[in-house]
2 protein chains.
Amino acid sequence: MSITYLDNAASSWPKPPGVKEAMIEVLDQYAANPGRGGHTLAIKASRVLFQTRVQLSRLFGVDNPNNLFFYPNATIALNQAIKGYVKSGDHIITSSIEHNSVRRPLEYLHKTLGVTITYVQPREDQLFYLEDFEKEITPSTRLLVVSHASNLTGVILPIAELGQLAKQHQITFLVDASQSAGVLPIDVSQMNIDMLAFPGHKGLYGPQGTGGLYVTDSIDLEPLIHGGTGSQSEAIDQPTTRPDRYESGTANTVGVAGLGVGVSFVLEKGISHIHQHEWQLAKQALERLQTIEGVEVYGPAPTVERVGVVAFNIAGADASEVSFILDKEYQIATRAGYHCTPLGHETSGTQDKGAVRASFGIYNDENDLNQLIMAVQEISEAFRLG
Amino acid sequence: MSITYLDNAASSWPKPPGVKEAMIEVLDQYAANPGRGGHTLAIKASRVLFQTRVQLSRLFGVDNPNNLFFYPNATIALNQAIKGYVKSGDHIITSSIEHNSVRRPLEYLHKTLGVTITYVQPREDQLFYLEDFEKEITPSTRLLVVSHASNLTGVILPIAELGQLAKQHQITFLVDASQSAGVLPIDVSQMNIDMLAFPGHKGLYGPQGTGGLYVTDSIDLEPLIHGGTGSQSEAIDQPTTRPDRYESGTANTVGVAGLGVGVSFVLEKGISHIHQHEWQLAKQALERLQTIEGVEVYGPAPTVERVGVVAFNIAGADASEVSFILDKEYQIATRAGYHCTPLGHETSGTQDKGAVRASFGIYNDENDLNQLIMAVQEISEAFRLG
């Protein structure tokens with residue numbers, strides 16, 4: 001029996017045609033170390049990295065591809081951005097829906113450096129307003145860091161406006177695009193984004209083990225990782241040239257080759273087409289789920305545009321039990337729990353029970369949606385009848 | 001024309017049968033997030049990680065597979081080990097042949113925390129002696145960190161004896177197995193190794209983007225990366241359970257699946273067989289290269305057993321020029337330069353010019369060796385005749 005995969009917010013699956021083939025080509029033909037030798041195979045490997053940097057630059061409006069650094073996931077990219085930038089005495093503004101990959105580094109710096117953190121909450125309509133961020137700014141505010149979209153409810157934050165605000169107040173602006181890269185328009189120069197962290201294996205349709213960080217020219221981060229770079233080997237310090245300064249150690253050339261094809265697929269399909277496809281499925285899911293007796297959905301009203309992520313619970317049932325039944329009885333892959341976003345759960349009022357999350361990708365269709373709705377109807381009925 | 005690949009110390013190539021197939025299986029069938037959902041595909045992904053942990057544990061004599069953490073390369077593993085352990089006031093003993101992935105983190109901690117570092121040199125015979133490490137121990141020595149084998153000359157350090165020494169003096173012992181994992185016997189309990197960093201893409205024959213770190217139970221490192229772990233999501237701090245505490249962010253399941261096959265290949269072939277195969281080629285290379293007029297080889301006498309790495313220069317020629325000619329005219333992939341090990345070059349007296357490195361893997365044979373020797377003969381003759 002085939003699987004209905006609704007866990008695209010964790011990792012997109014399946015991958016577009018060509019991703020696998022690009023990876024196989026590198027593995028078979030030239031899995032040498034890029035930048036670690038002048039021979040033909042190493043140069044070929046180097047070219048794969050550069051080509052993917054160029055594709056990502058097109059997607060994100062980046063002028064200089066060498067300002068994009070590869071990391072194995074968005075988590076390490078966010079750690080590099082946050083820990084490489086924040087200094088003792090800083091005040092940081094963030095949102096209440098952040099993933100643990102933002103919250104835990106911040107709280108670590110709070111404990112070790114004594115930095116202060118303000119978590120901005122959404123209003124009653126579950127939306128975020130510019131003024132609520134603006135009023136928290138103090139003379140010591142040095143960083144504004146927000147998720148572009150929530151990994152729990154899919155709610156979208158107004159990053160263009162926040163970028164404008166940060167620029168006005170000369171605050172560095174870091175965006176976590178874990179749920180938006182490849183789905184929502186991002187232009188780092190137009191939106192005044194100073195740093196952008198993104199995963200490769202979600203909306204960019206690359207394999208796991210890929211991701212990256214964009215850092216504008218004027219910010220000199222302290223490297224998180226020190227080591228060999230293949231350049232300026234004789235120096236005791238990290239080289240100053242980008243991307244080398246921030247890419248110590250052997251790159252995942254095989255994975256980045258796959259990511260390059262994923263990004264090309266996104267550029268070809270078009271961000272707007274992908275987003276509309278996913279959002280229409282999510283919107284219908286929200287509308288239909290909330291009509292089922294005993295089912296509660298979270299986040300703003302279903303009419304408010306979000307990314308393709310839907311969170312819900314069934315009255316009387318534990319979220320993980322529901323997700324387990326969806327998997328075992330209906331072959332529908334969802335995810336239950338806290339989704340690494342405890343503050344998001346406080347925001348949604350689900351901190352005691354978590355939630356079931358269904359997340360749509362470009363390869364989902366109406367049939368997948370119908371499967372989910374039918375299954376939730378049956379499960380909620382079973383729990384009601386007892 | 002086929003390529004003679006002699007850059008296995010950077011990345012082994014080709015990979016054994018099954019590595020690619022295991023990666024394709026994950027990509028095609030279940031590239032979901034391990035530990036990030038209870039659904040069938042996520043559990044399958046989780047199992048791949050665990051199975052590879054078990055194989056690695058067999059190889060390195062590790063009791064508890066959960067004490068092995070996956071990283072994208074040995075560099076990040078070494079950064080986690082060193083920066084997570086070293087404290088202000090510590091004295092660290094290391095060797096003069098360390099790669100920049102050890103030296104640069106240490107020098108960074110020297111600059112920022114004021115730790116002191118002693119670089120132990122080899123004697124005139126280019127070998128390292130236990131007494132030379134022992135005499136550097138002071139009451140504040142907290143860490144001994146050495147490469148198991150040099151990435152420049154292939155010289156092997158006496159890690160079993162050094163482990164014994166560290167144990168006697170209650171000093172933590174960290175081994176960089178970048179050039180030895182899969183090639184030389186390593187048993188962390190027998191050899192008193194507290195931490196072991198290793199790449200997946202060299203002697204373990206996995207793809208790039210893989211590697212790891214073993215940390216004994218009694219050492220509690222400060223995590224280098226904070227973020228989502230899929231467990232204890234509601235906690236503000238990193239979870240304390242292993243491996244979760246040290247593996248924030250989405251794992252490279254695809255790569256680790258390939259690594260698992262690579263490690264099985266090594267276990268099947270046998271460390272001793274692999275090492276003898278590579279060493280015999282390297283030994284012959286050393287013996288034959290040094291008979292060529294104008295060619296200088298580095299490291300101990302060719303009779304002293306090493307890993308399959310050979311460094312040389314041709315009189316009157318720049319190392320990178322020689323490597324370039326080997327690639328373009330003879331389709332032989334070697335590497336020229338400083339190999340991220342400036343201290344190693346000082347040790348070898350090649351700090352001003354670097355060296356050409358040829359490194360052998362399990363798939364090289366006598367024919368590859370003959371190609372190299374013949375090419376070096378021709379090139380050195382051309383430079384002699386000028």
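Calculation notes
Residues numbered from 1 in each chain as written. Chains lettered and ligands numbered in written order. Predicted model: local features only at pLDDT ≥ 70, side-chain atom pairs only at ≥ 80, totals over all residues. Heavy atoms only, no water. Helix = DSSP H or I, 4+ residues; strand = E, 2+ residues; numbered from the N terminus. Buried < 20%, exposed > 50% of the residue type's maximum accessible area, 1.4 Å probe, protein only. Polar contact = N/O pair within 3.5 Å; in protein donor to acceptor, adjacent residues only side chain to side chain. Least-squares fit on C-alpha atoms with pLDDT ≥ 70 in both. Contact = heavy atoms within 4.5 Å. Buried area = accessible area lost by both parts, 1.4 Å probe. Salt bridge = Lys/Arg side-chain N within 4 Å of Asp/Glu carboxyl O. Core = buried A, V, L, I, M, F, W, Y, C linked by side-chain atoms within 4.5 Å. Axes fitted to C-alpha atoms, helices over the stretch in contact; angles between N-to-C directions. Left-handed = near helix turned anticlockwise from the far one by under 90°. Nonpolar A, V, L, I, M, F, W, Y, C, P; charged D, E, K, R; others polar. Pairing = 2+ DSSP bridges.

Visitor: Where do I start with the side chain of Thr 334 of chain B in this structure?
Guide: Residues and elements named next belong to chain B. Within the fold, Thr 334 resides in the loop between strand 11 (332-333) and strand 12 (335-337). The buried category is assigned to Thr 334, whose relative accessible area is 0%. Here Ser 323 takes part through its side chain, which lies 2.9 Å from a polar atom of the side chain of Thr 334.

Visitor: Hey, could you run me through the relation of the copies chain A and chain B in this one?
Guide: Both copies of the chain are related by a screw-like operation: a rotation about an axis and a shift along it. Laying chain A over chain B is done by rotating through 180° and shifting 0.0 Å along the axis; what remains is an RMSD of 0.0 Å. Expressed as an axis order, the relation between the two copies is that of a two-fold axis. The share of interface residues of chain A whose copies in chain B are also at the interface is 100%, consistent with both copies meeting through the same surface.

Visitor: Any chance you could explain the interface of chain A and chain B here in plain terms?
Guide: Interface size is often expressed as the accessible area that is lost when the parts come together. Residue-level contacts link 76 residues of chain A with 76 residues of chain B. Taking both partners together, chain A and chain B bury about 6100 Å²; carbon and sulfur atoms supply 56% of that area. Linking chain A with chain B are four salt bridges. Summed over the shared surface of chain A and chain B, the result is 34 residue pairs in polar contact (both at pLDDT 80 or more). Mapped by element, the contributors of at least two residues to the side of chain A that touches chain B are helix 1 (19-29), helix 2 (40-60), helix 3 (74-85), helix 4 (100-113), helix 7 (253-269) and helix 9 (319-330) of chain A. The dominant element in the side of chain A that touches chain B, judged by the number of residues it contributes, is helix 4 of chain A, at eight residues.

Visitor: Please clarify how the nonpolar core should be interpreted in this entry.
Guide: The tendency in soluble globular proteins is for nonpolar side chains to be buried as a group. With 56 residues, the main nonpolar core has Met 195 and Leu 213 of chain A together with Met 195 and Leu 213 of chain B as its most contacted residues. If we skip the residues at most four places from it in the chain, Met 195 of chain B touches Ala 81, Tyr 85, Leu 143, Thr 172, Phe 173, Leu 174, Val 175, Leu 213, Tyr 214, Val 215, Ile 219 and Leu 221 of chain B. By size, the runner-up hydrophobic cluster in this structure holds 43 residues, among which are Leu 144, Leu 204, Ala 251 and Leu 259 of chain B.

Visitor: Mind showing me how you'd approach the packing of helix 3 of chain A against helix 4 of chain A here?
Guide: Between two packed helices, both the angle of their axes relative to each other and the distance between the axes serve to describe the pair. Residue and element names in this part refer to chain A. At a minimum axis distance of 9 Å, the contact between helix 3 and helix 4 shows a crossing angle of 35°. In this structure, helix 3 crosses over helix 4, and the sense of that crossing is right-handed. Across the interface between the two elements, Thr 75, Leu 78, Asn 79, Ile 82 and Lys 83 of helix 3 pack against Ser 101, Val 102, Pro 105, Leu 106, Tyr 108 and Leu 109 of helix 4. Taken together, the residues that form the contact of helix 3 with helix 4 break down as seven nonpolar, three polar and one charged.

Visitor: Can you walk me through the pairing of strand 8 (residues 211-215) of chain A in this structure?
Guide: Taken residue by residue, a regular strand's side chains alternate between the two faces of the sheet. Residue and element names in this part refer to chain A. Burial of strand 8 is extensive: five of the five residues sit out of reach of the surface. In strand 8, alternate side chains face the same way, and those of Gly 211, Leu 213 and Val 215 on one face and Gly 212 and Tyr 214 on the other are all buried. Pairing geometry for strand 2 (residues 68-70) and strand 8, over three bridges, is antiparallel. The residue bridging Phe 69 from the neighbouring strand is Leu 213, located in strand 8. Summarising the sheet, strand 7 (residues 195-199) and strand 8 pair through five bridges and their orientation is antiparallel. Across the sheet, Phe 198 pairs through a bridge with Gly 212, a residue of strand 8.

Visitor: Whenever I open this one, the pattern of salt bridges confuses me. Can you help?
Guide: Within the structure shown, the criterion is met by 22 salt bridges over all chains. Asp 28 of chain A is the partner of Lys 20 of chain B in a salt bridge, and the nearest nitrogen-oxygen pair spans 3.1 Å. Placement of Lys 20 of chain B in helix 1 (residues 19-29) and of Asp 28 of chain A in helix 1 is noted, with the two residues assigned to different chains. Residue Asp 237 of chain B is joined to Lys 111 of chain A by a salt bridge in which the shortest nitrogen-to-oxygen separation is 3.3 Å. On the criterion of chain membership, the pair formed by Asp 237 of chain B in the loop between strand 8 (211-215) and helix 7 (253-269) and Lys 111 of chain A in helix 4 is interchain, its members lying in two chains.

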